[in-house]
Amino acid sequence: MKKELKIFIIVLSVFLLFLIYYIGMITKHSTVSNYNNINTKSDNMEFKMNAVIVKVENKMLYVVKTNATNELITLAFTEDIGYKEYQEIEIYFDGIILESYPAQLGNVGKIEIIKDKSDVEIPEEILKFCYSSSDNVNVEILELTCNGIELNIIDSNNMEYNYSHNYKIYEKVKNENYPEEGYKIGEDTENSTAGFSGTGLEYIWKEKDTISDILSKDTEIVQENDMQRKFDWTDFYGELENGEYEFVLGDDDSIGIKIPFKIDEDKNVSYDNVQFLY
C-alpha cells in the first residue's frame, strides 16, 4: 500500500510539472504573437534593416542602423513592447522611411532579436539626444550690458551637452523689402505688391554687423569654470545701441542657447527667459 502511494505521488508530481511547463509555453506563445500583432499590416514587408536599440520608451523604440550609427530612427507601436536597450535586432518593414529627425519607420511587420547585447558602439551625440534634456539645464545670466554678457551654465544631465564658445548677436531691424505705406500685398493695382518676393514682415532679425575680423570666441574672457561664459564684444560688434537683440550661443557641434534682450535709450538692459535651440 505504501509502495502504491509512493508511485501515485511520483506520477502526480510529474503531471503537475508537465502542466506548469505547458501553461508557460502557452503564455510565451501568446506573448510572441502579441508582439507580431502590434503592427496590423504584415504584408509587403520585403525590406530588412539591422539595428541596435538605443532607447525603449513605452510604445516607442529609438534605434540606429548597425552600418550607419549616426542615423537615429524611431518605431512607434500601439501598445507597450518588451524589447531592451542595446539589443541588436532585424526589422522587417515596407521600405517607407519618413524623413524627419529622428527618421520614422512606417509599417513594421516583424522584429527579430539577433543579439541580446550588441557590440556596436553608439555615438555619444545619439546617446545625448536620447538621454539628455534641456529640462536639466539652467542658465544663469550673471550680467548683460551693452558691451557684453556673463552667464553660468548648470547641466545636471548624466551626459552633459556640448556648449560652444562661439556666438552671434541678431538685431531686430526694418525689412528693406517691406512695401511702402499705401501698398497692399496681393492686389494687382498700380500701388500693389502682387509680385512682392520678401518675407511680408515689417521687421526681421539680422546679424549685427561686426567691426573687426576677429572671431567671436576671441572676445571671451577666460574663466576658471568651463561652464561659465563671459564675453566682451566691444571690439567685435561695438557697444550696442537701443533696440531689440538676440544673443545666440552655439554652433553645429553644440546645443544652441538664445537670450532675447532689449536696450532702452538710457542703456538699461532687460532680457527674457533663456531659450534652447536644436
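Everything numeric in this text was worked out from a predicted model, so none of it was measured.

Student: I'd like a description of the pattern of salt bridges, backed by residues and values.
Tutor: Across all of its chains, the model carries 15 salt bridges by this definition. The partner of Lys-258 in a salt bridge is Glu-246, with the nearest N and O atoms 3.7 Å apart. With Lys-258 in strand β14 (residues 256-263) and Glu-246 in strand β13 (residues 243-249), this pair connects stretches of sequence that are 12 residues apart. Here the salt bridges share partners, and the residues they tie into one network are Glu-124, Glu-125 and Lys-128.

Student: Residues and numbers for the sheet that holds strand β8 (residues 137-144), please.
Tutor: Spatially, the 3 strands line up as an open sheet ordered β8-β9-β12, and their pairing is antiparallel. The sheet is open, and its two edges are formed by β8 and β12 (228-232), each paired on a single side. Each strand axis lies, on average, 15° off the axis of its neighbour in the sheet, ignoring direction.

Student: Got a sec to walk through the pairing of strand β1 (residues 47-57)? Specific residues and values, please.
Tutor: Side chains on a regular strand alternate between the two faces of the sheet. Bridge count between β1 and strand β4 (residues 88-93): 6 bridges; the pairing is antiparallel. The residue bridging Lys-48 from the neighbouring strand is Tyr-92, located in β4. As paired elements, β1 and strand β2 (residues 60-65) share 6 bridges and run antiparallel to each other. Note that in β2 the partner of Lys-55 across the bridge is Tyr-62. A loop of 2 residues connects β1 with β2, the two strands running antiparallel in sequence, and Asn-58 in this loop sits at a positive phi of about 50°.

Student: Describe the layout of surface pockets, with residues and values.
Tutor: Over the atoms rolls a probe the size of a water molecule, and in doing so it shows where empty space is left. Quantified by volume, the largest pocket comes out at close to 670 Å³. Along its surface, the largest pocket is lined by 28 residues, and Asp-251, Asp-252, Ser-254, Ile-255 and Gly-256 are the ones closest to its centre. Only α2 (124-131), β10 (167-174) and β13 provide two or more residues apiece to the lining of the largest pocket. For the lining of the largest pocket, the leading source of residues is α2, giving 4 residues. Broken down by class, the residue content of the lining of the largest pocket amounts to 14 nonpolar, 7 polar and 7 charged.

Student: Can you tell me about the sheet that holds strand β3 (residues 68-76), naming the residues and giving the values?
Tutor: With mixed pairing, the 7 strands of this open sheet are ordered in space as β5-β6-β3-β2-β1-β4-β7. At either margin of the open sheet sits one strand with a lone partner, and together these are β5 (97-98) and β7 (108-115). As judged from the 6 bridges shared by β4 and β7, these two strands associate in the antiparallel manner. Residue pairing for β7: Phe-93 is matched across the bridge by Val-108. Packed on one face of the sheet, α2 meets β1, β2 and β3 and runs near 55° to β1.

Student: Run through the packing of aromatic side chains, naming residues and quoting values.
Tutor: Within the structure shown, the criterion is met by 11 aromatic pairs. With centroids separated by 6.3 Å and ring planes inclined at 50°, the aromatic side chains of Tyr-167 and Trp-233 adopt a geometry described as tilted. With Tyr-167 in strand β10 and Trp-233 in the loop between β12 and β13, this residue pair connects regions lying 66 residues apart in the sequence. Residue classification places Trp-233 among the buried residues on the basis of a relative accessible area of 0%. Relative to Phe-247, the ring of Phe-231 has its centre 6.2 Å away and its plane inclined at 45°; by these criteria the two rings are tilted. With Phe-231 in strand β12 and Phe-247 in strand β13, this residue pair connects regions lying 16 residues apart in the sequence. We classify Phe-231 as buried; its relative accessible area is 2%. By relative accessible area, Phe-247 is classed as buried at 0%. One aromatic cluster is present, built from ring pairs that chain together Tyr-167, Phe-231, Trp-233, Phe-236, Tyr-237 and Phe-247. Just above the ring of Tyr-62 sits the side chain of Lys-55; from NZ or CZ to the centre is 6.0 Å.

Thresholds applied
- Counting from 1, residues in each chain are numbered in the order their sequence is written.
- Under the rules for a predicted model, residues below a pLDDT of 70 receive no local features and side-chain atom pairs below 80 are neither given nor counted, while totals for whole chains, interfaces and linings still include all residues.
- The side-chain figures draw on all heavy atoms in the structure; neither hydrogens nor water molecules are used.
- Each salt bridge in this description consists of a side-chain nitrogen of Lys or Arg and a carboxyl oxygen of Asp or Glu lying within 4 Å of one another.
- Segments assigned H or I by DSSP are reported as helices when at least four residues long, segments assigned E as strands when at least two residues long, and all are numbered from the N terminus.
- In this analysis, strands are considered paired if DSSP registers two or more bridges between them.
- Think of each axis as a best-fit line through the C-alpha atoms, taken over the contacting stretch in the case of a helix, with angles from 0 to 180 degrees between the N-to-C directions.
- Each cavity reported here is a set of points on a 1 Å grid over the protein atoms alone in which a 1.4 Å probe fits but cannot get out, each pocket an open set with protein on both sides within 12 Å along at least five of seven lines, and each lining residue one with an atom within 4 Å of a point.
- Grid points are joined across faces, edges and corners, and a volume is the space filled by probe spheres set on the points.
- Residues are sorted three ways: Asp, Glu, Lys and Arg are charged, Ala, Val, Leu, Ile, Met, Phe, Trp, Tyr, Cys and Pro are nonpolar, and all the rest, Gly among them, are polar.
- Every residue pair with non-hydrogen atoms within 4.5 Å of one another is taken to be in contact.
- For Phe, Tyr and Trp, where Trp contributes only its six-membered ring, two rings pair if their centres lie within 6.5 Å, and the inter-plane angle classes them as stacked under 30 degrees, edge-to-face over 60, or tilted in between.
- A 1.4 Å probe rolled over the protein chains alone gives each residue an accessible area, and that area as a share of the maximum for its type sets the label: buried under 20%, exposed over 50%, partly exposed in between.
- Throughout this description, the term charge over a ring refers to an Arg CZ or Lys NZ atom that lies within 6 Å of the ring centre and within 35 degrees of the ring normal.

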